[in-house]
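Structural characterization, general
Take a look at the letters that make up each chain.
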Amino acid sequence: RAEGYTVDMWLSDIDGDGQRKLLEEVVTGFNAHLAWSFDGERIFYNALQEQGVAEWLMQLPLADPSPSRVGDWVWGWTDAISCLRDGSGLVLGGPRTQGPLNIQEPPELWFLALPNAPLVRLTHDPFEYTCVGSDQQGDRLTAVQSQAEQGVLVMALDDATRSRQVMYASRSGRWWMPLAWTKDHRIVYPALGGDEVHLWEVGSDGTGRRRLTRTGS
């Protein structure tokens, strides 16, 4: 149950009976994720902390419903949580840079060992990984792998069918690309190069592409 980004956590029987509230007014990020431990004794979930710009991974023991933080990692956001059957840890999706304000980073897969919560990166590529799950034995994972494709199109206001593509790029992750026109009819846009975002410009006909910034963000 949710209202805005503030949610209440409820537990019920599989048929919907026996409802009881476990937590109230949990502040979460863009998405609320829950995962049962395989022994059924704990629930793992993400909660928004750090003045609303970062997430913590939390756990809630059902025997004593007092939430506690799992590890000291600060996540810009988390995308999925999956517990391994053997209880050794959990796998979650999140950006490669643990810290606030990195919504543009694509989520990668991480293994968080329990109980001490050291962190191990599982994926090392530019793709985005979401919807993490593990099999009944807990020794295999499933995840959705995706990659976004983006480009810049120029078109006439009176005839959008005569558009032309002046720049094309593919990259993974959630990414917004604001554009700006210069007075001499060139287009300025941000683009990812390696692990840094730089400002670039290109002519309206697709020629003369060059980088404008020396230090990326």
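This text goes with the structure placed above it.
Presented here is an overview of the structure given in this document. Quick caveat, the model's predicted, so the values are computed rather than measured.

**Details of the environment of Ser68**
Looking at where Ser68 falls in the secondary structure, it is placed in strand 7 (residues 68-69). Assessed through its relative accessible area of 30%, Ser68 is described here as partly exposed. Along the backbone, Ser68 and Leu57 are eleven residues apart, and their C-alpha atoms lie at a distance of 8.7 Å. When sequence neighbours within four positions are dropped, the list of residues in contact with Ser68 reads Leu57, Met58 and Gln59.

**Things to note about the nonpolar core**
Core analysis: the biggest nonpolar cluster contains 14 residues, and Phe44, Leu57, Val70, Ile81, Leu90, Leu92 and Leu112 have the highest contact counts within it. Breaking this core down by element, the ones donating at least two residues are strand 8 (80-83), strand 9 (89-95) and strand 10 (107-113). Once you skip the residues sitting within four places of it in the chain, Ile81 turns out to touch His33, Ala35, Phe44, Tyr45, Asn46, Leu57, Leu90, Val91 and Leu92. Ranked by size, the runner-up nonpolar core spans 13 residues in total, among them Leu11, Val26, Ile43 and Leu60.

**Side note on the packing of aromatic side chains**
Applying the stated rule across the entire model yields zero aromatic pairs. When the ring centre of Trp56 is taken as origin, the NZ or CZ atom of Arg69, which lies over that ring, is 3.9 Å away.

**A few points about the side chain of Arg186**
As for its position among the elements, Arg186 is in strand 17 (residues 186-193). In contact with Arg186, other than residues within four places in its own chain, are Ala180, Trp181, Glu201, Val202, Gly203, Thr207, Gly208 and Arg209.

**A few points about the side chain of Thr123**
Structurally, the position occupied by Thr123 is in the loop between strand 11 (119-121) and strand 12 (128-134). Its relative accessible area of 9% is what places Thr123 among the buried residues. One polar contact links the side chain of Thr123 to the main-chain amide nitrogen of Leu109, over a distance of 3.0 Å. Look past the residues within four positions of Thr123 in its chain and what remains in contact with it is Glu108, Leu109 and Tyr129.

**A closer look at the pairing of strand 6 (residues 54-61)**
The element strand 6 is extensively covered by neighbouring structure, given that seven of its eight residues are classed as buried. Between strand 6 and the antiparallel strand that follows it, strand 7, lie six residues.

**Comments concerning the sheet that holds strand 9**
Read from one edge of the open sheet, four strands run 8-9-10-11, paired in antiparallel fashion. With partners counted over all chains shown, the strands left at the sheet margins are strand 8 and strand 11, one partner each. Recorded for the sheet is a direction-independent mean angle of 25° between the axes of neighbouring strands. Two strands pair when backbone bridges link them, and strand 9 and strand 10 are joined in this way by seven bridges, in the antiparallel orientation. Along strand 10, the bridge assignment pairs Gly94 with Glu108.

**Overview of the pattern of salt bridges**
Applying the stated criterion to the full structure yields four salt bridges. Put simply, Glu108 and Arg121 hold a salt bridge, and the shortest N to O gap is 2.9 Å. Of the two residues, Glu108 is situated in strand 10 and Arg121 in strand 11; the sequence distance between them amounts to 13 residues. In this structure, the salt-bridge partner of Arg186 is Glu201, at a minimum N-O distance of 3.2 Å.

Here is what the cut-offs are and how they apply
- One numbering rule holds for all chains: residues counted from 1, following each sequence as written.
- With pLDDT at 70 or above as the cut-off, local features in this predicted model cover only qualifying residues; side-chain atom pairs require 80 or more to be listed or tallied, and sums for whole chains, interfaces and linings still use all residues.
- Heavy atoms throughout the structure, all of them, feed into the side-chain values; hydrogens and water do not.
- Under the DSSP-based scheme used, a helix requires at least four consecutive residues in state H or I and a strand at least two consecutive residues in state E, with every element numbered from the N terminus.
- Accessibility here uses a 1.4 Å probe with only protein chains present; expressed as a share of the type maximum, an area under 20% marks a residue as buried, one over 50% as exposed, and anything in between as partly exposed.
- Whether two residues are in contact is decided by their heavy atoms, any of which lying within 4.5 Å being enough.
- What makes a nonpolar core is a set of buried Ala, Val, Leu, Ile, Met, Phe, Trp, Tyr and Cys residues whose side-chain atoms join them at distances within 4.5 Å.
- Centres within 6.5 Å make a pair out of two Phe, Tyr or Trp rings, where for Trp the six-membered ring is used; the pair is then stacked when the planes are under 30 degrees apart, edge-to-face when over 60, and tilted otherwise.
- Consider the ring centre and the ring normal. A charge sits over the ring if Lys NZ or Arg CZ is within 6 Å of that centre and within 35 degrees of that normal.
- Contacts described as polar in this section are N or O atom pairs within 3.5 Å, which, within protein, must combine one atom able to donate a hydrogen with one able to accept it, while residues neighboring in sequence count only if both atoms come from side chains.
- Only strands joined by at least two bridges in the DSSP assignment are considered to pair.
- Axis definition: a line fitted to C-alpha atoms, limited for helices to the stretch in contact. Angles are taken between N-to-C directions and run from 0 to 180 degrees.
- A pairing counts as a salt bridge when a side-chain nitrogen of Lys or Arg comes within 4 Å of a carboxyl oxygen of Asp or Glu.

Any link to function would need more than the numbers given here.
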